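Remarks on the overall topology
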Amino acid sequence: MLFRSADLAGLAQAKPGTLQQICVDLGDGTYAVRFNRNGVTSIVRVDADLSGSFARIGADGNIWAPVIEKAYAFFRKGTNTYDCLNYGDPESVFSDLGFAYNYAFAGTFDAAGLYNFVQNAVAQHQTIVLPTTSLIQRNAPLIGDHAYTVIGATQLTDGSYLFTLRNPWGFNSPDDGVVQLTFTQLTQNTMMGAITR
């Protein structure tokens, strides 16, 4: 489960320009990436060899997310391997990137309340990341033990709701990893996540 990719993808979508504030092109083929843990700022310098990265290069060719992911592979546990990015929680990533967050859990809302929560978060350029459960139920188009960015919600004419999530790996659908779930599919297949403030 690569929470890091979902966090970065969500930040890139909800807060355009944010990743460039964390990462600086040094002009010599390397990048400096800033992290903050327990009040201590650390700078990690990496090159642009992105083989092995799970984060995708942006549609416009920008590489901020994969560069930050590479730096985080070193920073997170000091092991300098993408494997160290497996498992964990999205709030630790937001914190390490310097963002305040609150916890988010779809199961604490009724359908209308969750719709309003998502609509408000999108309008305020907040990032919501929800991890999935191990066992996916109700034919939801999700990957178990993974994390998705919540990018929208729609109310249908019959009064029901669909919630739009994006897989940071960019698959599960022909539309860049974008999937839609009913309220029941979402609440039964996701766990406690995080939302940036």
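For every chain, the first residue of the written sequence is number 1, and numbering continues from 1 onward in sequence order. In view of the model being predicted, local features appear only for residues whose pLDDT reaches at least 70, and side-chain atom pairs are presented and counted only at 80 or more, with totals across whole chains, interfaces and linings using the full set of residues. Working from all heavy atoms in the structure, the side-chain values ignore hydrogens and water.

Description of helix α3 (residues 64-75)
The helix count covers DSSP runs of H or I at least four residues long, the strand count covers runs of E at least two residues long, and both are numbered beginning at the N terminus. Here a helix's expected span is defined as the number of its residues, less one, multiplied by 1.5 Å. Look at α3: 16 Å from first C-alpha to last across 12 residues, which is about the 16 Å you get at 1.5 Å a residue. Think of it in three bands: residues with accessible area under 20% of the maximum for their type are buried, residues over 50% are exposed, and the middle band is partly exposed, with areas taken using a 1.4 Å probe on protein chains only. Burial analysis of α3 places 11 of its 12 residues in the buried class, which makes it a mostly covered element. Considered for burial, the residues of α3 that qualify are Trp64, Ala65, Pro66, Val67, Ile68, Glu69, Lys70, Ala71, Tyr72, Ala73 and Phe75.

Regarding the sheet that holds strand β4 (residues 101-104)
Reading across from one edge, β4-β9-β5-β6-β7-β8 is the order of the six strands in this open sheet, with antiparallel pairing throughout. Looking along the sheet, the strands with just one partner apiece sit at the ends: β4 and β8 (178-182). Neighbour-to-neighbour, the strand axes of the sheet open up by a mean angle of 35 degrees, direction not taken into account. Paired strands, in this sense, are two strands between which DSSP finds at least two bridges. As judged from the four bridges shared by β4 and strand β9 (residues 193-196), these two strands associate in the antiparallel manner. Bridge assignment links asparagine 102 to a residue of β9, and that residue is isoleucine 195. The contact definition used throughout considers only heavy atoms, calling two residues in contact when any of these lie within 4.5 Å. All axes here are fitted lines through C-alpha atoms, helices being fitted over the stretch that makes contact, and every angle between N-to-C directions spans 0 to 180 degrees. In this fold helix α5 (residues 111-123) packs onto β5 (128-131), β6 (147-155), β7 (161-166) and β9, with an angle of close to 110 degrees to the strand it touches most, β6.

With respect to the packing of aromatic side chains
Aromatic rings from Phe, Tyr and Trp, with only the six-membered ring used for Trp, were paired whenever their centres fell within 6.5 Å, and each pair was classed as stacked if the ring planes differed by under 30 degrees, edge-to-face if by over 60, and tilted otherwise. All chains considered together, the criterion is met by nine aromatic pairs. With a centroid separation of 4.6 Å and 10 degrees between ring planes, the pair formed by phenylalanine 35 and phenylalanine 75 is classed as stacked. In this pair, phenylalanine 35 sits in strand β2 (residues 30-37) while phenylalanine 75 sits in helix α3, placing the two residues 40 residues apart along the sequence. Comparing phenylalanine 35 with phenylalanine 75, the two get one shared label, buried. Geometrically, the ring pair formed by phenylalanine 163 and phenylalanine 183 is tilted, given 6.4 Å between the ring centres and 50 degrees between the ring planes. Here phenylalanine 163, found in strand β7, pairs with phenylalanine 183, found in helix α6 (residues 183-189); they are 20 residues apart in sequence, far enough to count as distant.

Observations concerning the side chain of threonine 190
Within the secondary structure, threonine 190 sits in the loop between α6 and β9. A distance of 2.8 Å separates a polar atom in the side chain of threonine 190 from the backbone oxygen of leucine 186. Non-local contacts of threonine 190, meaning those with residues more than four positions away in its chain, are made with Phe105, Ala106, Leu130, Pro131, Thr132 and Thr133. Distance and chemistry together define a polar contact, namely a pair of N or O atoms within 3.5 Å, with one atom able to donate a hydrogen and the other to accept it when in protein, and with adjacent residues in sequence counting only for side-chain atoms on both sides.

Observations concerning the environment of phenylalanine 183
Residues phenylalanine 183 and tyrosine 161, 22 residues apart in the sequence, show an inter-C-alpha distance of 6.5 Å. Apart from residues lying up to four places away in sequence, phenylalanine 183 is in contact with Ala106, Phe109, Asp110, Ala111, Leu114, Tyr161 and Phe163.

Concerning a nonpolar patch on the surface
What goes into a patch is any residue over 30% in relative accessible area without a salt bridge, connected to like charges within 9 Å or, for nonpolar side chains (Val, Leu, Ile, Met, Phe, Trp, Tyr), within 5 Å. For every accessible area listed, the method is Shrake-Rupley and the probe measures 1.4 Å; residues are considered covered only by the protein chains on display. In the sections that follow, a salt bridge refers to a side-chain nitrogen of Lys or Arg positioned within 4 Å of a carboxyl oxygen of Asp or Glu. Judged by side-chain polarity, Tyr103, Met191 and Met192 come together as a nonpolar surface patch covering roughly 310 Å² of accessible area. Looking at the secondary structure, you find tyrosine 103 in strand β4.

What to know about the pattern of salt bridges
Going through the model one piece at a time under the given rule, you end up with three salt bridges. Measuring nitrogen to oxygen at the nearest pair gives 2.8 Å for the salt bridge that ties arginine 37 to aspartate 96. Of this pair, arginine 37 sits in strand β2 while aspartate 96 sits in helix α4 (residues 90-96), and the two are 59 residues apart along the sequence. Its relative accessible area of 5% is what places aspartate 96 among the buried residues.

Focus: α5
With 13 residues, α5 ought to run about 18 Å at 1.5 Å a step, and its terminal C-alpha atoms sit 18 Å apart, in line with that. Along α5, the positions that sit buried rather than exposed are Ala111, Leu114, Tyr115, Val118 and Ala121. Across the axial projection of α5, the buried residues extend over an arc of 135 degrees, all falling on one side. For α5, the secondary structure elements touched by its buried residues are β5, β6, β7, α6 and β9. A positive phi of about 60 degrees marks histidine 125, the residue just after α5. To be clear, the arc concerns the directions from the helix axis to the C-beta atoms.

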